[in-house]
Amino acid sequence: MSFNNNNKRYNDYSSFIKKKFSERVQKISLNTGFTCPNRDGTKGVGGCTYCNNNTFNPNYCKPSKSISEQLDSGIAFFSKKYKTQQYLAYFQAYTNTYADINLVKELYLEALNHPKVIGLVIGTRPDCINDDLINFLSELSKTYYISLEFGVESTLDKTLKMVNRCHTFKETVDAYERSKNKGLHLGAHLIIGLPGESKEDILNHATKLSKLPINTLKLHQLQVVKHTMMAIQLKEKPEMFSLYSSEAYIDLVTEFIALLRPDIIIERFISESPAHLLIAPKWNGLKNFEMVAKIDKKLVEKNLWQGKHYVENF
Ligand code: SF4
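None of the values given here were measured: they were computed from a predicted structure.

Conventions we followed
Residues numbered from 1 in each chain as written. Predicted model: local features only at pLDDT ≥ 70, side-chain atom pairs only at ≥ 80, totals over all residues. Heavy atoms only, no water. Helix = DSSP H or I, 4+ residues; strand = E, 2+ residues; numbered from the N terminus. Buried < 20%, exposed > 50% of the residue type's maximum accessible area, 1.4 Å probe, protein only. Contact = heavy atoms within 4.5 Å. Near = heavy atom within 4 Å. Nonpolar A, V, L, I, M, F, W, Y, C, P; charged D, E, K, R; others polar. Right-handed = clockwise from strand over helix to strand, strands pointing away. Pairing = 2+ DSSP bridges. Salt bridge = Lys/Arg side-chain N within 4 Å of Asp/Glu carboxyl O.

Visitor: Got a sec to walk through the environment of K83? Specific residues and values, please.
Guide: Tracing the sequence through the fold places K83 in the loop between α2 (67-81) and β2 (86-91). With 135 residues separating them in the primary sequence, K83 and K218 have C-alpha atoms 27 Å apart.

Visitor: For the environment of M240, give the residues involved together with the corresponding values.
Guide: Within the secondary structure layout, M240 lies in the loop between α8 (229-236) and α9 (246-259). With a relative accessible area of 21%, M240 lands in the partly exposed category. The spacing of M240 and L194 is 46 residues in sequence and 9.3 Å in space, taken between C-alpha atoms. Aside from chain neighbours lying at most four places away, what touches M240 is M162, P195, G196 and Q233.

Visitor: Would you mind going over the site of the ligand in detail, with residue names and values included?
Guide: Around the ligand, the neighbouring residues are C36, N38, R39, G47, C48, Y50, C51, N53, Y94, R125 and R165. Across the shell around the ligand, the residue classes break down as five nonpolar, three polar and three charged.

Visitor: Before we move on, could you go through the pairing of strand β6 (residues 216-221) and cite the residues and values that matter?
Guide: Extensive coverage of β6 is indicated by the burial of six of its six residues. Residues of β6 alternate between two faces, with T216, K218 and H220 on one and L217, L219 and Q221 on the opposite face, all of them buried. In this region the chain leaves strand β5 (residues 185-192), passes through helix α7 (residues 199-209) and returns to the parallel neighbour β6; the handedness of that crossover is right-handed. Looking at chain direction, β6 and strand β8 (residues 265-268) are connected through three bridges and run parallel. Note on β8: the bridge partner recorded for T216 is I265.

Visitor: Tell me about the pattern of salt bridges, residues and numbers included.
Guide: Overall, the coordinates contain 20 salt bridges when judged by the stated rule. In this structure, K142 engages E139 in a salt bridge whose closest nitrogen and oxygen atoms are separated by 2.7 Å. Since its relative accessible area comes to 63%, K142 is described here as exposed. Exposure remark for E139: the relative accessible area of 49% places this residue in the partly exposed category.

Visitor: Quick one: what's the story with unusual backbone geometry, residue by residue and with numbers?
Guide: For residues that are not glycine, phi is negative in most cases, and the peptide bond is trans in most cases. Cis rather than trans, the peptide bond between A280 and P281 has omega equal to -5°. Its place among the elements puts P281 in the loop between β9 (278-280) and α10 (288-302). Backbone geometry at C166 places phi at a positive 65°, although glycine is not the residue there. Considering the arrangement of structural elements, one finds C166 in the loop between α5 (157-162) and α6 (169-179). At N181, a position not held by glycine, the phi torsion is positive, near 55°. Following the sequence through the fold, N181 ends up in the loop between α6 and β5. Assessed through its relative accessible area of 75%, N181 is described here as exposed.

Following this line, the structure appears as structure tokens:
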């Protein structure tokens, strides 16, 4: 096999960004203050059992501020660290397509009107997208980089039910089918280690995800954080959980990579919830870049690479 320009045994995100934009690009997280259909009673209440949105909301993004104000604050923060760079407006918290469609469109346009913003990254649920919005984003993609990321989280309905996602894997497949070939960069999130999933189940996610028209994948180890239903479950029924040590996770992820379709770009390997919110597993504050180095090393040791065990049309 030949490795990519970054000498990685998988398609890494930073090589993709360098090739695509030829300079540093920073995402600025935004909070629209929208909700989710499994929080507001439309499909359920309480949200996903693992979810605490405070784990990924930086201080500068508060829904009380306008999108332009949040962008200004975020850009002011990052421009102190890095001189020249471009920015992507990252609609991250909650379900960012779940509101009145005119309001949603207005907020996207407000972000793109910012002189330093070159595109959008929109995180949402697979059951919260419609053709009107897809076509709107498709038009925007003729001028801007538009990434649409769906929270897949698991390809097993029994797991999706257990964690109160209130959507099925079939709805995930449908969302990607409707969004493909529209000029959009399609992303997926997956949580590794949700309750009830065996190692085999997790490796099967790689095979099933490889059949979807995704460009980018973010992997996250399950983290149990404070103020969630899972925090209560972990206390009351710890036998529900098999949380991975960092070593076991690295081993599993390398096998996962080997099963993954070779062209998928891997954007992240782990979550990094703030230490004051994290209950388990505690990996001594291991950062994504440190995990990347350990995974790179393990891939060499095991002589694995992305797609080594991928079977097309399987
Ligand atoms: S994980 Fe996403 S869909 Fe689930 S409750 Fe949290 S923000 Fe809503």
